[in-house]
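Each chain, written out:
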Amino acid sequence: MFKTDTDHIDQRVSTGALPDLDETLGLLREVHERYRGLDDGAVADYIPALAKVDPSLFGISACSVDGHVADVGDARHEFAIESASKAFVFALVTDALGHDAIKKRIGVNNTGLPFNSVMAIELNHGSAMNPLVNAGAISATALMPGKTPDEQWHHLLAGLSAFAGRELTLDTEVYESEMATNQRNLALARLLQSYGNFENDPTEMVDVYTRQCSLRVTAHDLAVMGATLADGGVNPVTGAHVVSPRVCRDTLAVIATSGMYERSGEWMFEIGIPAKSGVGGGIVAVAPGKGAVGTFSPPLDVAGNSVRGQYAIGHLSRSLGLNVFASAAREGMA
Ligand code: GLU
(Lines give C-alpha, C1' and ligand atoms only; values in the text may rest on other atoms or scores of the structure.)
Protein backbone atom coordinates (compact mmCIF):
# COMPACT_ATOMS: atom_id res chain seq x y z
CA MET A 1 0.00 0.00 0.00
CA PHE A 2 1.20 3.53 -0.69
CA LYS A 3 1.56 5.29 2.61
CA THR A 4 1.16 9.05 2.76
CA ASP A 5 1.25 11.46 5.67
CA THR A 6 -0.03 14.52 3.86
CA ASP A 7 -3.55 15.09 5.18
CA HIS A 8 -2.40 18.24 6.98
CA ILE A 9 -1.07 19.91 3.81
CA ASP A 10 -3.37 22.23 1.86
CA GLN A 11 -3.93 20.92 -1.65
CA ARG A 12 -3.11 23.46 -4.35
CA VAL A 13 -5.23 23.08 -7.50
CA SER A 14 -3.79 21.59 -10.68
CA THR A 15 -4.15 24.69 -12.86
CA GLY A 16 -1.73 27.63 -12.99
CA ALA A 17 2.04 27.56 -12.64
CA LEU A 18 4.50 26.17 -10.09
CA PRO A 19 5.36 28.58 -7.25
CA ASP A 20 8.43 30.77 -7.98
CA LEU A 21 11.91 29.26 -7.70
CA ASP A 22 12.57 30.44 -4.12
CA GLU A 23 9.30 29.06 -2.81
CA THR A 24 9.78 25.80 -4.73
CA LEU A 25 13.30 25.43 -3.33
CA GLY A 26 11.99 26.07 0.19
CA LEU A 27 9.32 23.38 -0.21
CA LEU A 28 11.84 20.91 -1.63
CA ARG A 29 14.19 21.52 1.33
CA GLU A 30 11.33 20.96 3.76
CA VAL A 31 10.38 17.67 2.07
CA HIS A 32 14.01 16.50 1.92
CA GLU A 33 14.47 17.20 5.62
CA ARG A 34 11.20 15.49 6.49
CA TYR A 35 11.90 12.20 4.71
CA ARG A 36 15.68 11.79 4.62
CA GLY A 37 15.67 9.77 7.86
CA LEU A 38 13.03 7.33 6.60
CA ASP A 39 14.64 3.92 6.24
CA ASP A 40 11.85 1.69 4.88
CA GLY A 41 12.45 -0.39 1.76
CA ALA A 42 15.45 -2.22 0.33
CA VAL A 43 17.80 -1.53 -2.58
CA ALA A 44 17.23 -3.71 -5.68
CA ASP A 45 19.50 -6.73 -5.47
CA TYR A 46 18.36 -8.84 -8.42
CA ILE A 47 20.87 -6.83 -10.46
CA PRO A 48 24.15 -7.31 -8.49
CA ALA A 49 25.63 -3.88 -9.37
CA LEU A 50 22.54 -2.09 -7.99
CA ALA A 51 22.86 -3.86 -4.63
CA LYS A 52 26.05 -1.84 -3.98
CA VAL A 53 24.38 1.59 -4.12
CA ASP A 54 24.44 3.71 -0.93
CA PRO A 55 20.86 3.56 0.49
CA SER A 56 21.18 6.94 2.23
CA LEU A 57 21.46 8.93 -1.02
CA PHE A 58 18.42 11.19 -1.48
CA GLY A 59 17.92 13.91 -4.07
CA ILE A 60 14.90 15.89 -5.23
CA SER A 61 14.62 18.22 -8.20
CA ALA A 62 11.74 20.23 -9.68
CA CYS A 63 11.75 21.81 -13.14
CA SER A 64 9.06 24.23 -14.28
CA VAL A 65 7.93 24.62 -17.89
CA ASP A 66 9.69 27.99 -17.94
CA GLY A 67 12.99 26.18 -17.37
CA HIS A 68 13.75 26.96 -13.71
CA VAL A 69 15.24 24.01 -11.85
CA ALA A 70 15.39 23.63 -8.04
CA ASP A 71 17.74 20.93 -6.69
CA VAL A 72 18.15 19.66 -3.13
CA GLY A 73 20.25 16.91 -1.52
CA ASP A 74 21.84 14.42 -3.94
CA ALA A 75 19.96 15.80 -6.95
CA ARG A 76 23.16 15.71 -9.07
CA HIS A 77 24.20 12.19 -8.08
CA GLU A 78 24.19 9.81 -11.08
CA PHE A 79 22.31 6.49 -10.95
CA ALA A 80 20.92 3.95 -13.45
CA ILE A 81 17.74 5.22 -15.12
CA GLU A 82 16.32 1.66 -15.42
CA SER A 83 12.56 1.58 -16.03
CA ALA A 84 12.19 5.35 -16.07
CA SER A 85 13.79 5.13 -19.54
CA LYS A 86 10.77 3.21 -20.82
CA ALA A 87 8.52 6.28 -20.78
CA PHE A 88 10.94 8.31 -22.91
CA VAL A 89 11.72 5.51 -25.36
CA PHE A 90 7.97 5.07 -25.80
CA ALA A 91 7.69 8.80 -26.57
CA LEU A 92 10.47 8.52 -29.17
CA VAL A 93 8.97 5.50 -30.97
CA THR A 94 5.48 7.04 -30.87
CA ASP A 95 6.98 10.15 -32.46
CA ALA A 96 8.57 7.97 -35.14
CA LEU A 97 5.72 5.51 -35.84
CA GLY A 98 2.54 7.36 -34.80
CA HIS A 99 -0.25 6.89 -32.29
CA ASP A 100 -2.23 4.16 -34.08
CA ALA A 101 0.75 1.98 -35.00
CA ILE A 102 2.01 1.99 -31.42
CA LYS A 103 -1.39 1.16 -30.01
CA LYS A 104 -1.66 -1.80 -32.36
CA ARG A 105 1.91 -3.08 -32.10
CA ILE A 106 2.54 -2.69 -28.38
CA GLY A 107 -0.75 -1.80 -26.65
CA VAL A 108 -1.57 0.75 -23.97
CA ASN A 109 -3.42 -1.19 -21.28
CA ASN A 110 -2.35 -1.92 -17.72
CA THR A 111 -1.52 -5.62 -17.25
CA GLY A 112 -2.35 -5.68 -13.53
CA LEU A 113 0.69 -7.92 -13.16
CA PRO A 114 4.39 -7.35 -12.32
CA PHE A 115 6.72 -5.61 -14.78
CA ASN A 116 8.45 -8.82 -15.87
CA SER A 117 5.42 -11.09 -15.99
CA VAL A 118 5.41 -14.00 -18.44
CA MET A 119 1.82 -14.79 -17.47
CA ALA A 120 0.63 -11.35 -18.69
CA ILE A 121 1.77 -12.24 -22.22
CA GLU A 122 0.15 -15.68 -22.07
CA LEU A 123 -3.12 -14.30 -20.70
CA ASN A 124 -3.22 -11.68 -23.45
CA HIS A 125 -2.58 -13.96 -26.43
CA GLY A 126 1.00 -12.91 -27.02
CA SER A 127 0.48 -9.15 -26.63
CA ALA A 128 3.05 -7.15 -24.67
CA MET A 129 0.12 -5.00 -23.41
CA ASN A 130 1.94 -1.73 -22.75
CA PRO A 131 5.36 -0.09 -23.22
CA LEU A 132 6.15 0.16 -19.50
CA VAL A 133 6.26 -3.53 -18.63
CA ASN A 134 9.47 -5.21 -19.77
CA ALA A 135 7.89 -7.10 -22.71
CA GLY A 136 6.42 -3.90 -24.14
CA ALA A 137 9.51 -1.87 -23.34
CA ILE A 138 11.77 -4.32 -25.20
CA SER A 139 9.25 -4.17 -28.10
CA ALA A 140 9.43 -0.37 -28.04
CA THR A 141 13.24 -0.47 -28.11
CA ALA A 142 13.01 -2.84 -31.09
CA LEU A 143 10.81 -0.30 -32.92
CA MET A 144 13.43 2.48 -32.62
CA PRO A 145 14.37 3.69 -36.11
CA GLY A 146 17.69 2.37 -37.46
CA LYS A 147 18.92 -0.36 -39.80
CA THR A 148 21.21 -2.02 -37.28
CA PRO A 149 21.06 -2.43 -33.47
CA ASP A 150 23.92 0.07 -33.28
CA GLU A 151 22.00 2.68 -35.27
CA GLN A 152 18.94 2.07 -33.09
CA TRP A 153 21.06 2.52 -29.97
CA HIS A 154 22.50 5.81 -31.20
CA HIS A 155 19.06 7.10 -32.12
CA LEU A 156 17.79 6.14 -28.66
CA LEU A 157 20.78 7.67 -26.88
CA ALA A 158 20.43 10.93 -28.83
CA GLY A 159 16.70 11.05 -28.04
CA LEU A 160 17.06 10.43 -24.30
CA SER A 161 19.94 12.94 -24.19
CA ALA A 162 17.72 15.54 -25.90
CA PHE A 163 15.07 14.96 -23.22
CA ALA A 164 17.74 15.50 -20.51
CA GLY A 165 19.45 18.39 -22.32
CA ARG A 166 22.90 16.82 -21.96
CA GLU A 167 24.85 13.83 -23.34
CA LEU A 168 23.89 10.82 -21.20
CA THR A 169 26.52 8.13 -20.64
CA LEU A 170 26.43 4.40 -19.98
CA ASP A 171 27.17 2.83 -16.59
CA THR A 172 29.18 -0.11 -17.89
CA GLU A 173 29.22 -1.87 -14.53
CA VAL A 174 25.40 -1.88 -14.32
CA TYR A 175 25.16 -2.87 -18.01
CA GLU A 176 27.49 -5.84 -17.63
CA SER A 177 25.86 -6.91 -14.37
CA GLU A 178 22.40 -6.77 -15.97
CA MET A 179 23.53 -8.57 -19.12
CA ALA A 180 24.86 -11.42 -16.98
CA THR A 181 21.54 -11.81 -15.17
CA ASN A 182 18.74 -10.85 -17.57
CA GLN A 183 17.74 -14.28 -18.88
CA ARG A 184 14.14 -13.42 -18.01
CA ASN A 185 14.07 -10.42 -20.35
CA LEU A 186 15.44 -12.62 -23.12
CA ALA A 187 12.69 -15.15 -22.36
CA LEU A 188 10.05 -12.39 -22.60
CA ALA A 189 11.33 -11.26 -26.01
CA ARG A 190 11.50 -14.87 -27.25
CA LEU A 191 7.96 -15.53 -26.01
CA LEU A 192 6.71 -12.49 -27.97
CA GLN A 193 8.65 -13.80 -30.99
CA SER A 194 6.96 -17.21 -30.65
CA TYR A 195 3.61 -15.41 -31.00
CA GLY A 196 4.85 -13.62 -34.14
CA ASN A 197 4.97 -10.31 -32.26
CA PHE A 198 8.69 -9.59 -32.37
CA GLU A 199 10.40 -9.00 -35.70
CA ASN A 200 13.99 -8.26 -34.62
CA ASP A 201 16.59 -10.54 -33.08
CA PRO A 202 15.65 -10.94 -29.36
CA THR A 203 19.28 -11.17 -28.18
CA GLU A 204 20.29 -7.98 -29.99
CA MET A 205 17.24 -6.04 -28.81
CA VAL A 206 17.62 -7.15 -25.18
CA ASP A 207 21.20 -5.87 -25.42
CA VAL A 208 20.03 -2.42 -26.61
CA TYR A 209 17.25 -2.41 -23.98
CA THR A 210 19.79 -3.23 -21.25
CA ARG A 211 22.06 -0.39 -22.37
CA GLN A 212 19.05 1.92 -22.26
CA CYS A 213 18.30 0.86 -18.66
CA SER A 214 21.97 1.34 -17.70
CA LEU A 215 22.16 4.99 -18.74
CA ARG A 216 23.25 7.31 -15.94
CA VAL A 217 20.88 10.10 -14.96
CA THR A 218 20.36 12.35 -11.93
CA ALA A 219 17.17 13.53 -10.20
CA HIS A 220 17.87 16.87 -11.94
CA ASP A 221 17.92 15.10 -15.34
CA LEU A 222 14.64 13.31 -14.58
CA ALA A 223 13.01 16.62 -13.66
CA VAL A 224 14.13 18.21 -16.95
CA MET A 225 13.10 15.11 -18.94
CA GLY A 226 9.67 15.13 -17.25
CA ALA A 227 9.27 18.88 -17.76
CA THR A 228 9.83 18.29 -21.50
CA LEU A 229 6.79 15.99 -21.46
CA ALA A 230 4.91 18.65 -19.44
CA ASP A 231 5.78 21.33 -22.01
CA GLY A 232 4.43 19.87 -25.26
CA GLY A 233 7.72 18.13 -26.04
CA VAL A 234 9.97 21.20 -25.85
CA ASN A 235 12.88 20.91 -23.41
CA PRO A 236 12.30 24.00 -21.23
CA VAL A 237 16.02 24.38 -20.45
CA THR A 238 17.55 23.95 -23.93
CA GLY A 239 14.53 24.95 -26.04
CA ALA A 240 14.97 21.82 -28.22
CA HIS A 241 11.81 20.31 -29.76
CA VAL A 242 12.16 16.67 -28.74
CA VAL A 243 8.71 15.17 -29.50
CA SER A 244 5.29 16.53 -30.51
CA PRO A 245 2.60 17.70 -28.07
CA ARG A 246 0.44 14.75 -29.20
CA VAL A 247 3.20 12.32 -28.23
CA CYS A 248 3.42 13.96 -24.79
CA ARG A 249 -0.30 13.32 -24.26
CA ASP A 250 0.04 9.70 -25.37
CA THR A 251 3.04 9.14 -23.13
CA LEU A 252 1.52 10.77 -20.06
CA ALA A 253 -1.66 8.70 -20.47
CA VAL A 254 0.36 5.49 -20.48
CA ILE A 255 2.50 6.63 -17.53
CA ALA A 256 -0.66 7.50 -15.60
CA THR A 257 -2.14 4.04 -16.04
CA SER A 258 1.01 1.89 -15.82
CA GLY A 259 4.00 3.93 -14.57
CA MET A 260 4.15 2.73 -10.98
CA TYR A 261 4.08 -0.98 -11.76
CA GLU A 262 1.08 -2.89 -10.40
CA ARG A 263 0.40 -0.04 -7.96
CA SER A 264 -0.41 2.56 -10.60
CA GLY A 265 -4.12 2.80 -9.70
CA GLU A 266 -3.44 3.35 -6.03
CA TRP A 267 -0.71 5.87 -6.89
CA MET A 268 -3.14 7.93 -8.97
CA PHE A 269 -5.73 7.74 -6.19
CA GLU A 270 -3.34 8.87 -3.47
CA ILE A 271 -0.97 11.16 -5.33
CA GLY A 272 -2.60 11.95 -8.68
CA ILE A 273 0.41 12.62 -10.94
CA PRO A 274 1.53 10.58 -13.97
CA ALA A 275 4.82 9.11 -12.76
CA LYS A 276 7.37 6.47 -13.76
CA SER A 277 9.79 4.79 -11.42
CA GLY A 278 12.84 2.62 -11.97
CA VAL A 279 14.61 0.05 -9.82
CA GLY A 280 17.71 2.28 -9.81
CA GLY A 281 15.78 4.42 -7.27
CA GLY A 282 14.53 7.19 -9.57
CA ILE A 283 10.99 8.49 -10.03
CA VAL A 284 9.87 11.11 -12.53
CA ALA A 285 6.46 12.72 -11.93
CA VAL A 286 4.92 15.01 -14.53
CA ALA A 287 2.31 17.75 -14.07
CA PRO A 288 1.20 18.68 -17.62
CA GLY A 289 1.55 22.39 -18.35
CA LYS A 290 3.34 23.03 -15.04
CA GLY A 291 6.55 21.03 -14.75
CA ALA A 292 8.00 17.86 -13.26
CA VAL A 293 9.72 16.45 -10.21
CA GLY A 294 12.59 13.97 -10.28
CA THR A 295 13.59 12.05 -7.17
CA PHE A 296 16.41 9.65 -6.36
CA SER A 297 16.58 7.37 -3.33
CA PRO A 298 17.63 3.72 -3.77
CA PRO A 299 15.52 1.78 -1.19
CA LEU A 300 12.42 0.38 -2.92
CA ASP A 301 9.07 -1.04 -1.82
CA VAL A 302 8.10 -4.57 -2.92
CA ALA A 303 6.71 -3.35 -6.26
CA GLY A 304 10.01 -1.58 -7.07
CA ASN A 305 9.08 2.05 -6.32
CA SER A 306 11.49 4.24 -4.31
CA VAL A 307 10.04 4.70 -0.81
CA ARG A 308 11.44 8.17 -0.02
CA GLY A 309 10.59 9.21 -3.58
CA GLN A 310 6.94 8.25 -3.07
CA TYR A 311 6.71 10.24 0.13
CA ALA A 312 8.46 13.24 -1.36
CA ILE A 313 6.26 13.32 -4.47
CA GLY A 314 3.14 12.69 -2.36
CA HIS A 315 3.99 15.76 -0.30
CA LEU A 316 4.87 17.89 -3.32
CA SER A 317 1.71 16.85 -5.18
CA ARG A 318 -0.11 18.87 -2.56
CA SER A 319 2.26 21.71 -1.79
CA LEU A 320 3.29 22.37 -5.41
CA GLY A 321 -0.20 21.65 -6.81
CA LEU A 322 0.87 18.73 -9.01
CA ASN A 323 -2.19 16.50 -8.53
CA VAL A 324 -3.88 16.61 -11.96
CA PHE A 325 -7.29 15.91 -10.41
CA ALA A 326 -7.24 18.73 -7.85
CA SER A 327 -9.78 21.50 -8.36
CA ALA A 328 -11.40 23.86 -5.87
CA ALA A 329 -15.09 24.61 -5.30
CA ARG A 330 -16.10 27.85 -7.03
CA GLU A 331 -16.38 30.98 -4.92
CA GLY A 332 -19.66 30.94 -3.04
CA MET A 333 -20.35 27.28 -3.93
CA ALA A 334 -18.22 25.62 -1.21
N1 GLU B 1 16.50 -3.17 -16.38
C2 GLU B 1 15.51 -3.59 -15.44
C3 GLU B 1 14.92 -4.89 -15.89
O4 GLU B 1 14.65 -5.03 -17.04
C5 GLU B 1 14.47 -2.52 -15.29
C6 GLU B 1 13.47 -2.86 -14.24
C7 GLU B 1 12.82 -1.66 -13.58
O8 GLU B 1 13.43 -0.60 -13.39
O9 GLU B 1 11.65 -1.83 -13.24
O10 GLU B 1 14.73 -5.80 -15.14
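The preceding data block contains the structure.
As the structure is a prediction and not an experimental result, all values here were calculated from the model.

A. Looking closely at the side chain of Ser 83. The topology assignment puts Ser 83 in the loop between β3 (79-80) and α2 (84-97). Polar side-chain contacts of Ser 83 include one of 2.7 Å to the side chain of Lys 86. If sequence neighbours within four positions are ignored, Ser 83 has contacts with Tyr 261, Lys 276, Ser 277, Gly 278 and Val 279.

B. Spotlight on the pairing of strand β7 (residues 291-296). In terms of burial, β7 is a largely internal element, 6 of the 6 residues being buried. Two elements, strand β1 (residues 59-64) and β7, share 6 bridges in a ladder whose sense is antiparallel. Bridged to Ile 60 within β7 is Thr 295. Connecting strand β6 (residues 282-287) to the antiparallel partner β7 that follows it, the hairpin turn spans 3 residues, and Gly 289 within it adopts a positive phi of roughly 80°.

C. Spatial organisation of helix α9 (residues 202-213). Over its 12 residues, α9 runs 16 Å from end to end, which matches the ideal 16 Å to within 8%, given 1.5 Å per residue. Buried residues dominate α9, accounting for 10 of its 12 residues. For α9, the complete set of buried residues consists of Pro 202, Met 205, Val 206, Asp 207, Val 208, Tyr 209, Thr 210, Arg 211, Gln 212 and Cys 213. Elements that come into contact with the buried residues of α9 comprise β3, α2, α5 (134-142), α6 (149-164), α7 (172-179) and α8 (183-194).

D. A look at the nonpolar core. Ranked by internal contacts, the top residues of the largest apolar core, which has 48 residues, are Leu 160, Phe 163, Met 225 and Leu 229. Elements with a minimum of two residues in this core: α2, α6, α10 (219-230), α11 (245-258), β6 and β7. Those residues in contact with Phe 163 that lie beyond four places of it in its chain are Phe 88, Ala 91, Leu 92, Val 224, Met 225, Thr 228, Leu 229, Asn 235, Val 242 and Val 243. Among the nonpolar cores identified, the runner-up in size contains 29 residues, and Leu 18, Trp 267, Met 268 and Ala 275 belong to it.

Thresholds applied
- Residues numbered from 1 in each chain as written.
- Predicted model: local features only at pLDDT ≥ 70, side-chain atom pairs only at ≥ 80, totals over all residues.
- Heavy atoms only, no water.
- Helix = DSSP H or I, 4+ residues; strand = E, 2+ residues; numbered from the N terminus.
- Polar contact = N/O pair within 3.5 Å; in protein donor to acceptor, adjacent residues only side chain to side chain.
- Contact = heavy atoms within 4.5 Å.
- Buried < 20%, exposed > 50% of the residue type's maximum accessible area, 1.4 Å probe, protein only.
- Pairing = 2+ DSSP bridges.
- Expected span 1.5 Å × (residues − 1).
- Core = buried A, V, L, I, M, F, W, Y, C linked by side-chain atoms within 4.5 Å.

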